[in-house]
Amino acid sequence: MISRKLTLSILSLAISGSAYGAADTPNPGLQYYYPAPDAPIVDVEADIIVYGGTSGGVTAAVQAARQGNSVALVVFGRHVGGLTSGGLTATDGVDANVQGGITREYFDKTGNTGFKPSKAEAAFEELLADPVPGADWDTPIPTYYEQRLAEVEKDGPRIISLRMENGSVFRGRMFIDCTYEGDLMAMADVPYTFGREAKTQYGESLAGREASVSLPGVDPYVVPGDSASGLIANILPNETEDTHGQADEHIQAYNFRMYTVQNTDPTKLQPFWQPPTYNADDFEILYRYHRNGGSTSMQVGNDINNHEMFNRGVSTDHIGGNRWTEDGLNYTPWCEASYAIRELIYQSHVGWQLGMLWYIQNDPRYAALATDNSLPAATQTNIANLISKSQQLGLPLGEYPETDGWPHELYVREARRMVSDFVVTQQYYNRELPVVDSVGMANYRADAHHNRRFVSTTGTVRVEGDTGGNITTPWQIPYRALVPPEKTASNLLVPWCLSASHVAFCSIRMEPCLMALSQSATIAAGLAIAKKQSVQQVDYEELRPRLLAAGQILGDRPTSENPLIIDNLDSDYVEIDGDWLSSQSTPGYSGTDYLHNDNAAKEKSVIFRPDVPKSDSYQVFLRWTSHSNRATNVPIEVTDANGVDQITVNQQVNGGSWYAIGEWYFDAGSTGTIKVSTTGANGYVIVDAVKLASTASTTPPIISLVAANPIAREQNGKPARIQIVRDNISNQAAIDVNLSIAGDAVADVDYRAFPSIVTIPTGKSSAEIWIYPIVDDVPQGTRQLTISIEPVIGYELGTSNSLDIAIEDKPADQWRYQHFSPTGEENSSLSAPNADPDGDSWNNRLERYFGTDPNNGMRQPNQEPRIVWNIEGTQSSIGLLWHSPGAARDMAFQVYYSNDLTFDSWQPLLTPIETISWSPDNGDRSMIQMMNLPIARVVFFKFVVDSTGDI
């Protein structure tokens, strides 16, 4: 039992939560943070608390409901869906071959890309309103808006509750941090980092600072050429190029993914407006860039990103703007800032991006460039065309109605990253290391935006950090990366600000990936609850079939036979002939460098001699870095058990990833070789690394049995759900699975009968069975059903091949069965709600609510409500303190008070109720309700349970 000191801040009790509904408090307009609205102060208890209304938060909450867990979705702002409904509708990385489950279900509804923000948010709201489509027993997910986390209460490493700024409390058994900032993770004292690691920290070739690029034609000084005059706005002071690959705390730029429309009819759009923080001087950098012939290209439409306006170095990205300073020397990044400082940063971004559009439309000095004859005619024309176009621009009607057409969500591309016992790094992104605990896939190139503008030693403006991004070969994300160190948080999962290096995170940071990982995290949380384990103790062999049953796409099945990788520096397995040069110039290499021949005519070679663990067929992969100066005809010679094969590869393409060159049979040992040479090559030859992966014959499918929801409840008719899952994607023919059924639950008495042979259809990885309880008013207690897979030739049994399903009685019937079945009175009038079998003046309703024994014939004062009197100065208050078991949480109650005990003097006590202790294991609570002591200084209390049972 977790106790908390009684305070004067008291709460209303809402154990079951409220149904889903949009925020109904006054609209604050275009703000991130504002004084706490007059929203209900609640005290909510659930199996799983999801903090963060992002796309991942919605996905997590829906999965929790589908697997039978109670859940509360706690939202910082007024909208759900995060960036997916807040502007990022040209969604990167959506692929039906990479994301399954709820993610696939969502994008099947909206389309993969280009959908309107209003449609995106409506689709998320539909999921929350009807989390189990087609079921008549599901209820909307309790969703709580405008809740700002203030404190995380813990008992050792176990999180007990989240306390909000407005006084609301959310108590749970498991917690999932689906925020973009990792606020719950940080407040729970989980270690984290932000910024960029050095290349040397994890041996990542893409890590650390990038080579900067010039922003042409922009003088950085207020008085051009005069450094003493100071820097123009939006250039960071005290920054230099420094060493490429070194670590720093800079974070890639944020922006709004805005939706613009162009129309000559102003009634067909919402006009831009001058933001409160607007300052024309902020756009001197744009003025100078355009004055010197910089790009004036500006696209119009849904989801305008940085590369669609002008130049990546001066665009919608507010480069360097995602941190705050009061003195120009010390900076606080968005993720580390208070909510109030984040609001300043948010408005700074509004001022930059909306202000830029206003500036182009309205600034007279900028407009004068279009007729400045000292400029080239082409420059004047381009600026004139841009201004003319901007006069026809505005924001869409019907989108973002609360913020006049401007997106409400700032694109927080990156913030904190957890540092756990395991960190996923570039080596996993490169698919150099095997992942044995995949919970999802990423399929986008490690994509970072610029994070700083600075002045070079020669007085020019440089920008640094952008890598660009595009689709890449999918790679697996380990469960271990979602799990904090057990000593810091044993019941928290972090699917977004996960334990990853900057490089790996820049590939993971796509919205579909967030959704997939959030669903997997929730499945793991449900398993941990069922097993009474920490999230660190979850067995992946039990988790994996549950993920597959939920439709998740995980990549190759884990194997103990890891691929064999040989880097150019592995001298025991590499023979180098000739004077090859080491380089790190082009990213995408394995290990710490790669070799090249300097495009010299002299013949050279490198032989890789792998030590093969067993005789078998192996797929051979090569790795190189691509460039236009590479050879297109690099000779490769493979010697295997059957002889020598010769091929060529084109190293101008397919760089930065493992490229399969073929399959060969190698004897065990080191008799086989892969040789790369320069003979006849028509450009630079790159030698980096070789990988061998066994292609052993396909094994029979492994069949597992998982409980998507292990409890069928008579209380609401909600069925249990089991899934029969196969873990072998190469075997997609239909397969029959035989089940055995045992236990004390009786078919067609306690539950509807179901077939004992289930077919997994062709092309599907699972089949499911819904087990419906037969609802009655007979106290029977909870009955068990044990379902097992029968071993049959044609499939192998997975680790999880048997499970128990509970047919749960109605809570009141369960209590009657528990207390009266030994004497056979569970169905008699003696156990009826209003009966008092032990004659202690408490009827059975009261005995059940307060957790007392209805048969012992004695009052139990330590479990009865007691009066509490509190005096502070001249103010006195009085009230009741009581305890109730979690098993009685379905019972309604009301406290009444009177000054004289006359019939019509009883009034309901409407002051808030505070929970002063709560057990996350069983839901037992101690509560208190107080009132100011009346002038009469005499007060009587009456406690009513389920409208009867006065005390």
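Sequence order sets the numbering: in each chain, residues are counted from 1 along the sequence as written. Only residues with pLDDT of 70 or above have their local features reported here, since the model is predicted, and side-chain atom pairs are shown and tallied only from 80 upward, although totals for entire chains, interfaces and linings are computed over all residues. Excluding hydrogens and water, the side-chain values take into account all heavy atoms of the structure.

Let us look at the overall build of the chain. Secondary structure elements follow DSSP: runs of H or I no shorter than four residues count as helices, runs of E no shorter than two count as strands, and numbering proceeds from the N terminus. A tally of regular secondary structure across the chain gives 16 helices and 49 strands. Throughout, radius of gyration means the C-alpha value; the globule benchmark is 2.2 Å times the number of residues raised to the power 0.38. For the chain, whose C-alpha radius of gyration is 32 Å, the value lies close to the compact-globule estimate of 30 Å for 951 residues. With respect to the three principal axes, the spread of C-alpha positions in the chain is 105 × 75 × 50 Å. Relative accessibility under 20% of the residue-type maximum defines a buried residue, over 50% an exposed one, and the middle range a partly exposed one, all with a 1.4 Å probe and only protein chains included. A burial count over the chain gives 56% of its 951 residues as buried. Only heavy atoms enter the contact rule, under which two residues are in contact if any of them lie within 4.5 Å. Of all intrachain contacts in the chain linking residues separated by at least 6 positions in sequence, the fraction that spans at least 24 positions is 74%. Carbon and sulfur atoms make up 50% of the accessible area of the chain, which totals about 37100 Å². His is not counted here, nor are the chain ends, while Lys and Arg score as positive and Asp and Glu score as negative. The atom standing in for a charge is NZ when the residue is Lys, CZ when it is Arg, CG when it is Asp and CD when it is Glu. Placing the 67 positive and 114 negative side-chain charges of the chain at their respective mean positions leaves the two points 2 Å apart. Each accessible area is a Shrake-Rupley result for a 1.4 Å probe, and residues are judged covered by the shown protein chains and nothing else.

Only protein atoms enter the 1 Å grid used here, on which a cavity is any set of points holding a 1.4 Å probe that cannot leave and a pocket is any open set flanked by protein within 12 Å on both sides along at least five of seven lines; residues with an atom within 4 Å of a point are listed as lining. Grid points are joined across faces, edges and corners, and a volume is the space filled by probe spheres set on the points. What the second largest pocket holds in volume is close to 820 Å³. What lines the second largest pocket is a set of 39 residues, and nearest its centre among them are Leu206, Arg445, Thr586, Pro587 and Gly588. When residues of the lining of the second largest pocket are traced back to their parent elements, those giving at least two are strand S20 (471-478) and helix H12 (502-508). By residue class, the composition of the lining of the second largest pocket is 11 nonpolar, 20 polar and 8 charged. Three classes are used, and their members are as follows: Ala, Val, Leu, Ile, Met, Phe, Trp, Tyr, Cys and Pro are nonpolar, Asp, Glu, Lys and Arg are charged, and the others, Gly among them, are polar.

Turning next to the environment of Ala524. Here Ala524 shows up in helix H13 (residues 511-531). Given the relative accessible area of 0%, Ala524 is considered buried. Not counting the four nearest positions on each side in its chain, Ala524 is found in contact with Tyr479, Leu493, Val538 and Leu543.

For the rest of this paragraph, the subject is the nonpolar core. In this description, a nonpolar core means a group of buried Ala, Val, Leu, Ile, Met, Phe, Trp, Tyr and Cys residues linked to one another through side-chain atoms lying within 4.5 Å. In this structure, Leu162, Leu492, Ile508 and Leu543 are the most contacted members of the largest nonpolar core, which totals 156 residues. For this core, the element with the highest residue contribution is helix H8 (residues 339-362), accounting for 11 residues. Setting aside anything within four residues of it in sequence, one finds Leu543 in contact with Val439, Tyr479, Ile523, Ala524, Leu527 and Val538.

Put simply, a patch holds well-exposed residues, over 30% relative accessible area, that have no salt bridge, with like charges counted together within 9 Å and Val, Leu, Ile, Met, Phe, Trp or Tyr side chains within 5 Å. A side-chain nitrogen of Lys or Arg and a carboxyl oxygen of Asp or Glu constitute a salt bridge if their distance falls within 4 Å. A surface patch of nonpolar side chains, about 240 Å² in accessible area, is lined by Leu901, Val938 and Phe940. Looking at Leu901, the relative accessible area reads 48%, which means it is partly exposed.

Within the secondary structure, Gln476 sits in strand S20. Excluding anything up to four places from it in sequence, Gln476 contacts Val435, Ser438, Gly440, Met441, Leu554, Gly555 and Asp556.

Let's shift gears to unusual backbone geometry. Not every positive phi belongs to a glycine, and Asn238 is a case in point at roughly 60°. The backbone of Phe310 shows a phi angle near 70°, a positive value even though the residue is not glycine. One can find Phe310 in the loop between helix H7 (284-291) and strand S13 (323-325).

Turning to the pairing of strand S42 (residues 802-808), a few remarks are in order. Each regular strand shows side chains that alternate between the opposite faces of the sheet. Sheet analysis places strand S35 (residues 711-713) next to S42, joined by 3 bridges and oriented parallel. Bridge assignment links Ala712 to a residue of S42, and that residue is Ile807. For two strands to be treated as a pair, DSSP must find no fewer than two bridges joining them. In this sheet, S42 lies alongside strand S40 (residues 783-789) in antiparallel orientation, the contact comprising 6 bridges. Looking at the pairing, Gln784 lines up with Ala806 of S42.

What follows covers empty space enclosed by the protein. Taken as a whole and assessed by the stated rule, the structure comprises 6 cavities of 30 Å³ or more. Of the volumes computed, that of the largest cavity is approximately 490 Å³. For the lining of the largest cavity, the per-class residue count stands at 11 nonpolar, 12 polar and 5 charged.

By the secondary structure assignment, Pro275 is in the loop between strand S12 (261-262) and H7. You can call Pro275 buried: its relative accessible area is 2%. For the pair formed by Pro275 and Tyr659, sequence separation is 384 residues and the distance between their alpha carbons is 51 Å.

The subject of this paragraph is the sheet that holds strand S30 (residues 659-666). Strand order in the open sheet formed by 4 strands is S22-S33-S27-S30, and the pairing between neighbours is antiparallel. Edge positions in the open sheet fall to strand S22 (564-567) and S30, since each of these has one partner strand only. Direction aside, the axes of adjacent strands within the sheet are offset by 20° on average. With 4 bridges joining them, S22 and strand S33 (residues 689-694) adopt antiparallel strand pairing. Its bridge partner lying in S33, Asp567 is registered against Ala689. Lines fitted to C-alpha atoms define the axes, with helix axes restricted to the stretch in contact, and inter-axis angles between N-to-C directions lie between 0 and 180 degrees.

With that settled, consider the packing of aromatic side chains. Note on aromatic pairs: the rings of Phe, Tyr and Trp (six-membered ring only in Trp) are paired at centre separations within 6.5 Å, and the planes decide the class, stacked below 30 degrees, edge-to-face beyond 60, tilted for the rest. A complete count under the given rule lists 34 aromatic pairs for this structure. Plain terms: the ring middles of Trp137 and Trp770 are 5.8 Å apart, the flat faces sit at 55° to each other, and that makes the pair tilted. One end of the pair, Trp137, is in the loop between helix H4 (117-129) and strand S4 (143-144); the other, Trp770, is in strand S39 (residues 766-771), with 633 residues separating them in the sequence. A residue is classified by how much of its surface remains accessible, and Trp137, at 10% relative accessible area, is buried. Overall, Trp770 belongs to the partly exposed group, its relative accessible area being 26%. When the ring of Tyr254 is compared with that of Trp334, the centres are 6.3 Å apart and the planes differ by 85°; the resulting orientation is edge-to-face. Of this pair, Tyr254 sits in the loop between strand S11 (226-231) and S12 while Trp334 is found in the loop between strand S14 (331-333) and H8, placing the two residues 80 residues apart along the sequence. This pair shows no difference in class: Tyr254 is buried, exactly as Trp334 is. These aromatic residues form a ring-pair network of at least three members: Tyr32, Tyr33, Phe76, Tyr254, Phe256, Trp334, Tyr339, Tyr346 and Trp406. The positively charged end of Arg480 is found above the aromatic ring belonging to Phe422, 4.2 Å away from the centroid. Charge-over-ring placement is defined geometrically: NZ (Lys) or CZ (Arg) within 6 Å of the ring centre, and within 35 degrees of the ring normal.

In spatial order, the strands read S35-S42-S40-S37-S38; together these 5 strands make up an open sheet with mixed pairing. Looking at strand neighbours, the two that pair on one side only are S35 and strand S38 (757-760), the edges of this open sheet. Here the strands of the sheet are splayed against their neighbours by 25° on average, with no regard to which way each runs.

By the definition in use, this model includes 48 salt bridges. The closest approach of N and O atoms between Arg925 and Glu45, which form a salt bridge, is 3.4 Å. Of the two residues, Arg925 sits in strand S48 (residues 925-932) while Glu45 sits in strand S2 (residues 43-51), which places them 880 residues apart along the sequence. The closest approach of N and O atoms between Arg452 and Glu239, which form a salt bridge, is 2.8 Å.

Next up on the list: the confidence of the model for the chain. Across the chain, pLDDT averages 91, with 95% of residues at or above 70. A score between 0 and 100, pLDDT records how confident the predictor is in each residue. Note on residues 1-18: pLDDT under 50 across the span, and 62 contacts to partners over four residues away in sequence or across chains.

Contact pair H13 / helix H14 (residues 540-549): the axes reach a minimum separation of 10 Å and the direction vectors enclose 130°. As summarised for this structure, H13 and H14 are arranged oblique, according to the angle between their axes. Considering the relative orientation of H13 and H14, their crossing is right-handed. When H13 is examined against H14, the residues Ser520, Ile523, Ala524, Leu527 and Lys531 are found in contact with a partner set consisting of Glu542, Leu543, Arg546 and Leu547. In terms of residue class, the contact of H13 with H14 is built from 5 nonpolar, 1 polar and 3 charged. Roughly parallel here means an angle under 35 degrees, roughly antiparallel means over 145, roughly perpendicular means 65 to 115, and every remaining angle is called oblique. By definition, any crossing whose near helix is turned counterclockwise from its far helix by less than a right angle is left-handed, and any crossing with a clockwise turn is right-handed.

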